[in-house]
Amino acid sequence: MSKRIKKEQSQGNKKLEFKKKTADYIDTMIRNAEKGPSGFWTEDYEGCGNPDIFPEFNEGLTHGRLIQKEHFLCPWNTAVLFGEGRGNISTGCYHSCSIKEAKYLSAEMIEEVLIKFKKNMMDGKYDSKKDIEPLLSNKMKEYIESAKIVERKAEEKSVIRNMNYERKKPKGCLKNLKMTRLHKNSY
(Lines give C-alpha, C1' and ligand atoms only; values in the text may rest on other atoms or scores of the structure.)
Protein backbone atom coordinates (compact mmCIF):
# COMPACT_ATOMS: atom_id res chain seq x y z
CA MET A 1 0.00 0.00 0.00
CA SER A 2 1.37 3.42 -0.91
CA LYS A 3 2.01 6.22 1.58
CA ARG A 4 -0.65 8.35 -0.10
CA ILE A 5 -3.33 5.70 0.40
CA LYS A 6 -2.29 5.16 4.04
CA LYS A 7 -2.44 8.92 4.63
CA GLU A 8 -5.92 9.14 3.09
CA GLN A 9 -7.11 6.22 5.22
CA SER A 10 -5.65 7.84 8.34
CA GLN A 11 -7.41 11.13 7.56
CA GLY A 12 -10.65 9.25 6.92
CA ASN A 13 -10.33 7.47 10.26
CA LYS A 14 -9.72 10.76 12.09
CA LYS A 15 -12.75 12.33 10.44
CA LEU A 16 -14.86 9.33 11.42
CA GLU A 17 -13.59 9.59 15.03
CA PHE A 18 -14.53 13.27 15.14
CA LYS A 19 -17.97 12.46 13.76
CA LYS A 20 -18.52 9.73 16.36
CA LYS A 21 -17.43 12.05 19.20
CA THR A 22 -19.68 14.77 17.86
CA ALA A 23 -22.57 12.29 17.53
CA ASP A 24 -22.14 11.35 21.20
CA TYR A 25 -22.30 15.02 22.21
CA ILE A 26 -25.34 15.53 19.99
CA ASP A 27 -27.07 12.57 21.67
CA THR A 28 -26.49 14.25 25.05
CA MET A 29 -27.90 17.51 23.66
CA ILE A 30 -30.97 15.69 22.30
CA ARG A 31 -31.64 14.07 25.69
CA ASN A 32 -31.41 17.53 27.30
CA ALA A 33 -33.15 19.61 24.63
CA GLU A 34 -35.51 21.11 27.23
CA LYS A 35 -32.46 22.87 28.74
CA GLY A 36 -31.81 24.79 25.51
CA PRO A 37 -29.09 24.56 22.90
CA SER A 38 -25.42 24.00 23.68
CA GLY A 39 -22.29 24.52 21.69
CA PHE A 40 -18.85 23.14 22.30
CA TRP A 41 -16.77 25.74 24.20
CA THR A 42 -16.56 28.37 26.92
CA GLU A 43 -13.73 30.76 27.71
CA ASP A 44 -13.22 34.18 29.24
CA TYR A 45 -16.66 34.07 30.87
CA GLU A 46 -18.41 33.60 27.53
CA GLY A 47 -19.08 30.90 24.99
CA CYS A 48 -21.80 28.72 23.61
CA GLY A 49 -21.41 25.76 25.95
CA ASN A 50 -24.47 25.21 28.12
CA PRO A 51 -23.46 24.12 31.66
CA ASP A 52 -26.96 22.72 32.25
CA ILE A 53 -26.15 20.11 29.60
CA PHE A 54 -22.38 19.80 30.00
CA PRO A 55 -21.48 20.79 33.60
CA GLU A 56 -17.78 21.16 32.75
CA PHE A 57 -18.60 24.37 30.86
CA ASN A 58 -19.36 26.03 34.17
CA GLU A 59 -15.58 26.15 34.78
CA GLY A 60 -15.06 28.28 31.67
CA LEU A 61 -17.92 30.60 32.51
CA THR A 62 -17.02 31.12 36.16
CA HIS A 63 -13.21 31.03 36.02
CA GLY A 64 -12.55 32.22 32.47
CA ARG A 65 -10.74 29.07 31.38
CA LEU A 66 -10.98 27.53 27.93
CA ILE A 67 -13.15 24.45 28.07
CA GLN A 68 -13.67 22.91 24.67
CA LYS A 69 -15.10 19.72 23.25
CA GLU A 70 -13.41 18.64 20.04
CA HIS A 71 -16.05 18.21 17.39
CA PHE A 72 -16.50 17.72 13.67
CA LEU A 73 -18.94 20.57 13.08
CA CYS A 74 -21.42 22.56 15.15
CA PRO A 75 -25.16 22.38 14.39
CA TRP A 76 -25.47 26.06 15.35
CA ASN A 77 -23.03 27.24 12.68
CA THR A 78 -24.96 29.81 10.66
CA ALA A 79 -24.26 28.09 7.34
CA VAL A 80 -25.43 24.74 8.74
CA LEU A 81 -28.49 26.05 10.56
CA PHE A 82 -29.77 28.40 7.85
CA GLY A 83 -28.20 26.77 4.79
CA GLU A 84 -25.99 28.03 2.03
CA GLY A 85 -25.96 31.76 1.48
CA ARG A 86 -25.72 32.62 5.17
CA GLY A 87 -22.68 32.38 7.34
CA ASN A 88 -19.46 30.59 6.59
CA ILE A 89 -18.88 26.95 7.43
CA SER A 90 -15.10 27.35 7.03
CA THR A 91 -14.56 30.03 9.68
CA GLY A 92 -15.65 27.84 12.55
CA CYS A 93 -17.97 28.34 15.47
CA TYR A 94 -16.98 31.72 16.83
CA HIS A 95 -17.19 33.76 13.62
CA SER A 96 -20.30 32.15 12.17
CA CYS A 97 -22.51 31.22 15.11
CA SER A 98 -26.29 31.34 15.36
CA ILE A 99 -26.81 29.85 18.80
CA LYS A 100 -28.49 33.11 19.83
CA GLU A 101 -31.20 32.38 17.27
CA ALA A 102 -31.38 28.72 18.33
CA LYS A 103 -32.19 29.82 21.89
CA TYR A 104 -35.62 30.90 20.65
CA LEU A 105 -36.50 27.38 19.48
CA SER A 106 -38.74 25.12 21.54
CA ALA A 107 -37.31 21.92 23.02
CA GLU A 108 -39.05 19.90 20.31
CA MET A 109 -37.56 22.08 17.59
CA ILE A 110 -34.07 21.83 19.09
CA GLU A 111 -34.42 18.06 19.20
CA GLU A 112 -35.61 17.96 15.58
CA VAL A 113 -32.69 20.13 14.41
CA LEU A 114 -30.14 18.01 16.31
CA ILE A 115 -31.51 14.72 14.97
CA LYS A 116 -31.40 16.06 11.42
CA PHE A 117 -27.87 17.42 11.96
CA LYS A 118 -26.59 14.10 13.31
CA LYS A 119 -28.10 12.15 10.41
CA ASN A 120 -26.68 14.60 7.83
CA MET A 121 -23.26 14.49 9.47
CA MET A 122 -23.10 10.70 9.65
CA ASP A 123 -24.36 10.45 6.03
CA GLY A 124 -21.47 12.66 4.89
CA LYS A 125 -23.54 15.67 3.85
CA TYR A 126 -21.11 18.05 5.60
CA ASP A 127 -17.97 16.49 4.14
CA SER A 128 -18.35 18.92 1.26
CA LYS A 129 -18.88 22.51 2.25
CA LYS A 130 -21.08 23.19 -0.78
CA ASP A 131 -24.81 22.73 -1.23
CA ILE A 132 -25.64 22.67 2.48
CA GLU A 133 -29.35 22.31 3.12
CA PRO A 134 -30.69 24.29 6.09
CA LEU A 135 -31.50 22.47 9.31
CA LEU A 136 -34.27 24.97 10.02
CA SER A 137 -37.60 24.69 8.29
CA ASN A 138 -39.38 27.85 7.14
CA LYS A 139 -41.82 27.37 10.04
CA MET A 140 -38.90 27.34 12.51
CA LYS A 141 -37.42 30.48 10.95
CA GLU A 142 -40.77 32.24 11.31
CA TYR A 143 -41.01 31.02 14.91
CA ILE A 144 -37.59 32.52 15.69
CA GLU A 145 -38.50 35.86 14.10
CA SER A 146 -41.83 36.11 15.95
CA ALA A 147 -40.12 35.20 19.24
CA LYS A 148 -37.56 37.97 18.65
CA ILE A 149 -40.36 40.47 18.09
CA VAL A 150 -42.12 39.38 21.30
CA GLU A 151 -38.84 39.66 23.23
CA ARG A 152 -38.07 43.09 21.76
CA LYS A 153 -41.52 44.40 22.70
CA ALA A 154 -41.13 43.04 26.25
CA GLU A 155 -37.74 44.77 26.54
CA GLU A 156 -39.22 48.05 25.28
CA LYS A 157 -42.03 47.82 27.85
CA SER A 158 -39.50 47.14 30.57
CA VAL A 159 -37.39 50.15 29.57
CA ILE A 160 -40.47 52.39 29.53
CA ARG A 161 -41.60 51.02 32.90
CA ASN A 162 -38.12 51.69 34.37
CA MET A 163 -38.04 55.19 32.89
CA ASN A 164 -41.43 55.98 34.39
CA TYR A 165 -40.29 54.60 37.75
CA GLU A 166 -37.14 56.72 37.64
CA ARG A 167 -39.15 59.84 36.75
CA LYS A 168 -41.41 59.30 39.73
CA LYS A 169 -38.60 58.44 42.10
CA PRO A 170 -36.84 61.85 42.25
CA LYS A 171 -40.12 63.65 42.94
CA GLY A 172 -40.73 61.42 45.92
CA CYS A 173 -37.17 61.92 47.12
CA LEU A 174 -37.46 65.70 46.82
CA LYS A 175 -40.76 65.66 48.66
CA ASN A 176 -39.23 63.58 51.48
CA LEU A 177 -36.25 65.94 51.59
CA LYS A 178 -38.58 68.96 51.96
CA MET A 179 -40.55 67.21 54.70
CA THR A 180 -37.32 66.45 56.56
CA ARG A 181 -36.33 70.12 56.41
CA LEU A 182 -39.75 71.16 57.64
CA HIS A 183 -39.49 68.83 60.60
CA LYS A 184 -36.00 70.09 61.46
CA ASN A 185 -37.26 73.69 61.44
CA SER A 186 -40.20 72.84 63.67
CA TYR A 187 -37.97 71.91 66.63
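Residues numbered from 1 in each chain as written. Predicted model: local features only at pLDDT ≥ 70, side-chain atom pairs only at ≥ 80, totals over all residues. Heavy atoms only, no water.

Let us look at the overall build of the protein. A tally of regular secondary structure across the protein gives six helices and three strands. When the elements of the protein are put in sequence order from the N terminus, they spell out α-β-β-α-β-α-α-α-α. Every one of the 187 residues in the protein was classed for burial, and the buried ones make up 33%. For the protein, long-range pairs separated by at least 24 residues make up 52% of all intrachain contacts whose partners lie at least 6 apart in sequence. Per element, the accessible surface of the protein, about 12,700 Å² overall, is 51% carbon and sulfur. (Helix = DSSP H or I, 4+ residues; strand = E, 2+ residues; numbered from the N terminus. Buried < 20%, exposed > 50% of the residue type's maximum accessible area, 1.4 Å probe, protein only. Contact = heavy atoms within 4.5 Å. Areas by Shrake-Rupley, 256 points an atom, 1.4 Å probe, with all protein chains shown as cover.)

Scanning the entire structure with this criterion turns up zero disulfides. The thiol of Cys97 is not disulfide-bonded; the next cysteine sulfur, from Cys48, is found 5.4 Å away. (Disulfide = S-S within 2.5 Å.)

Applying the stated criterion across every chain, the model contains eight salt bridges. Between Asp27 and Lys118 there is a salt bridge, and its shortest N-O distance comes to 2.7 Å. Of this pair, Asp27 sits in helix α1 (residues 3-31) while Lys118 is found in helix α5 (residues 107-122), placing the two residues 91 residues apart along the sequence. Lys118 sits in the partly exposed class, given a relative accessible area of 24%. Note that Lys148 and Glu145 form a salt bridge whose closest N and O atoms lie 3.7 Å from each other. On the criterion of helical spacing, the pair formed by Lys148 and Glu145 is a turn pair, its members being three residues apart in helix α6 (residues 138-185). Via salt bridges that share partners, Glu101, Glu145 and Lys148 belong to a single interconnected network. (Salt bridge = Lys/Arg side-chain N within 4 Å of Asp/Glu carboxyl O.)

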